[in-house]
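# Chain and residue survey
Listed below are the residues making up each chain.
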Amino acid sequence: MENVVSNYLKFIGIPISDRIIKKRIASHPDYPSILAISDTLTQFNIPHSIGKIQSKSLADVQYPILVHIQSGYGSLLQINQYEDARLLSEKLNQWSGVVIKAEPVKTIIDSENRQALLEEKRFRILVSILLLTSIALITSTSLMLFNWTMLILLTTSIAGAITGYFLYAKDIGITYESVEQFCSSGTGAGCGSVIRSKELFGFISLSDLTLSYFTFQLLVIGILIPFWPNDSILYLKGLLVLATLPVIGYTIWLQAVDIKKWCRLCIVVAGIMMIQVLIFGFLFYDDINSIEIDIAAFLVMCLLFGITIPSLLLLKQLILQKNMFLSNEIAVTRIKNSPDVFINILKKQKLADVTPFENEFRVGNIDAIINITIAVNLFCAPCKREIKEMSELISIYPDKVSLSIRLLKSRDDQQIGYRIIHSWLHSNNKHSNNKHSNNKHSNNGSKGLDMLNKWYESKNADQFSTLYPINENNPDPDVNRLLLDHYNWIAKTGITKTPSTFINGFELPSNYRIKDLLVLIPTLEDNFKHEQ
């Protein structure tokens, strides 16, 4: 489900991290469901619509769309145009009638997504550099001894390594749509059955052996053969290739007789290996008497192969461990994101009096059911993160949340607190954010958050004073009174650390953060509404 959503969002041009979108959907408490998808899209501020239509109305919808298929726990199918819907009529027999349509957006405000996109871009660049330099190195050294035989061996080794990678990737859970369609008529069942059917020593799969074998070949062709003083390396490679002839026969027998399923990628591998067998068979037949092998070449090749296969096995183990850790993390997060679990923990926390002050520093919908109060220190690094996450939360749920910000007195605040409250109160009309105002939303609350974010970015008093100048010779008694209310409330509440966050008076549990509320806000609103 999450894979289809990720591919769909990328297809329509939304800058979304594959890792983050999949994690958010899979960790939703109602996963797998349409609600999990809808709530996740809402978290990213992606405009979307979900509805139920008749099949005859498919000609009238705007493509591309996702349709919900009733199979197993439910799956999704991306349809890019109406003609595709007609071609996929067999799969649409299980269509529930539900259609999901997302609208393209140029930016996603989620900071975690932005960071993940940068990491993914950096990873792609590094992988590209590694592959290009490796290919360049192997190709350039191979051309030092250029002949048609070496060219064919190099080409088949590269093709084998690429095919081996696809098998290796499939074995560790990485799939490619085009490969899945090619392998076993798009289902991948044959490939999966074959590569996991037999394991050498109980842990080395056919995919491990395939990638190791062709990677080893590339290293031999690109590094050893061009620089070895005689042809011993080439002859040893030839003997190794000829020794794979029984292996080719075994893999064909395994698919045809034992498993009774065909893996198209495995057949490609067998074809590549057979080409190499024929090449070396011809070479040895033509020049059998001139074969020279020395013990040093044999030892070097053994050591090189001894490095290659353990390296790939270790890499596979690390990836599988990471995937297992991620799966466990998602399972725990799914429980953590359960509204019942959160509310049960929340109601056991300290309860504080969060009655709004006159001229309260408020953001969002002042009539919202969910009231969040945050006590912050202007020189606190975690407070910077909390305010940034809160800004994202308010931008996503401006009608569902009311935020009150209360400042902790600091010895070195250099009147920054006074300047923030003063600038906030006077940014529109003085006291326009009064709780008795007829406006549903705070007029200048977002400006207050902007001021706090700008302060936390630099924590430079002179720079901040230039951005928000005030008349320091004419103190405002309302500002001083509000600041005093903040200081007294913090002392009365017994706040000893910042940030301290309260939801409808209950302190946010220590194992939750503001960003965790992205999933919980809609359900919390319903829960608190029933309690009123």
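## Regarding the overall build of the protein
- For the protein, the helix and strand inventory stands at 20 helices and eleven strands.
- In the protein, which comprises 532 residues, the proportion classed as buried is 46%.
- In the protein, the share of contacts with a sequence separation of at least 24, taken over all contacts with a separation of at least 6, comes to 80%.
- Entry remark: accessible area of the protein is about 27,300 Å², with carbon and sulfur atoms responsible for 59%.

## Digging into the packing of helix α16 (residues 416–426) against helix α19 (residues 477–493)
- Direction vectors running N to C along α16 and α19 enclose 120 degrees, while the axes themselves pass 10 Å from each other. By the criterion of interaxial angle, the relationship of α16 to α19 is oblique. Handedness of the α16/α19 crossing: right-handed. Touching G417, Y418, I421, H422, W424 and L425 of α16 are V479, N480, L482, L483 and H486, all from α19.
- Grouping the constituent residues of the contact of α16 with α19 by class yields seven nonpolar, four polar and no charged.

## Thoughts on the environment of F44
- Of note, F44 is situated in the loop between α3 (34–43) and β1 (48–52).
- Judged by relative accessible area, which is 1%, F44 ranks as buried.
- Remark: the alpha-carbon pair of F44 and I21, spanning 23 residues in sequence, is separated by 9.1 Å.
- When neighbours within four sequence positions are excluded, F44 is seen to be in contact with I16, I20, I21, R24, I108, D110 and N113.

## Some details on the pattern of salt bridges
- A complete count under the given rule lists 16 salt bridges for this structure.
- One salt bridge in this structure joins E112 and R24, with 2.8 Å as the shortest N-O distance. With E112 in helix α5 (residues 111–143) and R24 in helix α2 (residues 18–26), the pair connects residues that are 88 residues apart, well separated along the chain.
- Assessed through its relative accessible area of 24%, E112 is described here as partly exposed.
- Between E386 and R385 there is a salt bridge, with its nearest N and O atoms 3.9 Å apart.

## With respect to unusual backbone geometry
- With an omega of -5 degrees, the peptide bond running from Y31 to P32 counts as cis.
- Mapped onto the elements, P32 comes out in the loop between α2 and α3.
- The omega torsion across T498 and P499 is 0 degrees, close enough to zero to call that bond cis.
- Following the sequence through the fold, P499 ends up in the loop between α19 and β10 (500–503).
- In this structure, K459 takes a positive phi of about 50 degrees despite not being glycine.
- Within the secondary structure, K459 is located in the loop between α17 (445–458) and α18 (461–467).

## Focus on the sheet that holds strand β4 (residues 95–102)
- Sheet architecture is open: four strands sit in the order β1-β4-β2-β3, paired in antiparallel fashion. If you trace the sheet from one side to the other, it starts and ends with β1 and β3 (75–79), each paired once. Strand-to-strand twist across the sheet, computed as the mean angle between neighbouring axes with direction ignored, equals 25 degrees.
- Sheet contacts for helix α1 (residues 2–11): β2 (65–69), β3 and β4; angle to β3, the most-contacted strand, approximately 20 degrees.

## Looking at the layout of surface pockets
- Here the second largest pocket defines a volume of roughly 740 Å³.
- Surrounding the second largest pocket, 33 residues form its lining, L209, Y213, T244, V247 and M273 being those nearest its centre.
- At the level of secondary structure, the elements contributing two or more residues to the lining of the second largest pocket comprise β5 (199–200), β6 (204–205), α9 (206–227), α10 (232–243), α11 (245–259), α12 (264–286) and α13 (295–336).
- If you tally residues by element for the lining of the second largest pocket, the top one is α9, at seven residues.

## So, the pairing of strand β9 (residues 401–407)
- Summarising burial for β9: seven of the seven residues are buried, a large majority.
- Both strand β7 (residues 362–364) and β9 contribute to a ladder of three bridges, which runs antiparallel. Bridge pairing in β9 links V363 to L403.
- Across seven bridges, the pairing between strand β8 (residues 370–376) and β9 is parallel. When the bridges of β9 are listed, I374 appears paired with I405.

## Let's talk about the side chain of E2
- Locating E2 in the fold gives a position in helix α1.
- This buried residue, E2, is left without a salt bridge; R334 holds the nearest opposite charge, at 6.9 Å.
- In this structure the side chain of E2 is engaged in a polar contact, spanning 2.8 Å, whose partner is the side chain of Y31.

## A word on the environment of N323
- Mapped onto the elements of the fold, N323 is located in helix α13.
- Between the C-alpha atom of N323 and that of G173, which follows or precedes it by 150 residues, the distance is 8.7 Å.

## Details of the packing of α2 against α5
- Two numbers describe how α2 lies on α5: the axes approach to 8 Å, and their chain directions differ by 135 degrees. By the criterion of interaxial angle, the relationship of α2 to α5 is oblique. Between α2 and α5, the contacting residues are D18, R19, I20 and R24 on the first element and E112, N113, A116, E119 and E120 on the second.

## Some remarks on the sheet that holds β9
- Here five strands make up an open sheet; going across it, the order is β7-β9-β8-β10-β11 and the pairing mixed. Looking along the sheet, the strands with just one partner apiece sit at the ends: β7 and β11 (506–507).
- Helix α15 (residues 381–396) contacts β7, β8, β9 and β10 of the sheet and is inclined by roughly 155 degrees relative to β8.
- Each of β8, β9 and β10 is contacted by α19, which is oriented at about 90 degrees to β9, the strand it contacts most.

## Description of the confidence of the model for the protein
- On average, the protein scores 83 in pLDDT, and the residues at 70 or more come to 89%.
- Note that residues 428–439 has pLDDT below 50 and, in this model, 28 contacts with residues that lie over four places away or in other chains.

## Some details on the nonpolar core
- Counting residues in hydrophobic clusters, the biggest one holds 61 residues, and the most contacted among them are F342, I372 and L517.
- Among all residues touching F342, those that are not within four sequence positions of it are K336, I503, L508, P509, Y512, L517, L520 and L524.
- By size, the runner-up hydrophobic cluster in this structure holds 40 residues, among which are F214, L218, I248 and C266.

Scoring rules and cut-offs
Residues numbered from 1 in each chain as written. Predicted model: local features only at pLDDT ≥ 70, side-chain atom pairs only at ≥ 80, totals over all residues. Heavy atoms only, no water. Helix = DSSP H or I, 4+ residues; strand = E, 2+ residues; numbered from the N terminus. Buried < 20%, exposed > 50% of the residue type's maximum accessible area, 1.4 Å probe, protein only. Contact = heavy atoms within 4.5 Å. Areas by Shrake-Rupley, 256 points an atom, 1.4 Å probe, with all protein chains shown as cover. Axes fitted to C-alpha atoms, helices over the stretch in contact; angles between N-to-C directions. Parallel < 35°, antiparallel > 145°, perpendicular 65-115°, else oblique. Left-handed = near helix turned anticlockwise from the far one by under 90°. Nonpolar A, V, L, I, M, F, W, Y, C, P; charged D, E, K, R; others polar. Salt bridge = Lys/Arg side-chain N within 4 Å of Asp/Glu carboxyl O. Pairing = 2+ DSSP bridges. 1 Å grid on protein atoms, 1.4 Å probe; cavity = no way out; pocket = protein on both sides within 12 Å on 5 of 7 lines; lining within 4 Å. Points joined across faces, edges and corners; volume = space filled by probe spheres on them. Lys, Arg positive; Asp, Glu negative; His and termini not counted. Polar contact = N/O pair within 3.5 Å; in protein donor to acceptor, adjacent residues only side chain to side chain. pLDDT = per-residue confidence, 0-100. Core = buried A, V, L, I, M, F, W, Y, C linked by side-chain atoms within 4.5 Å.

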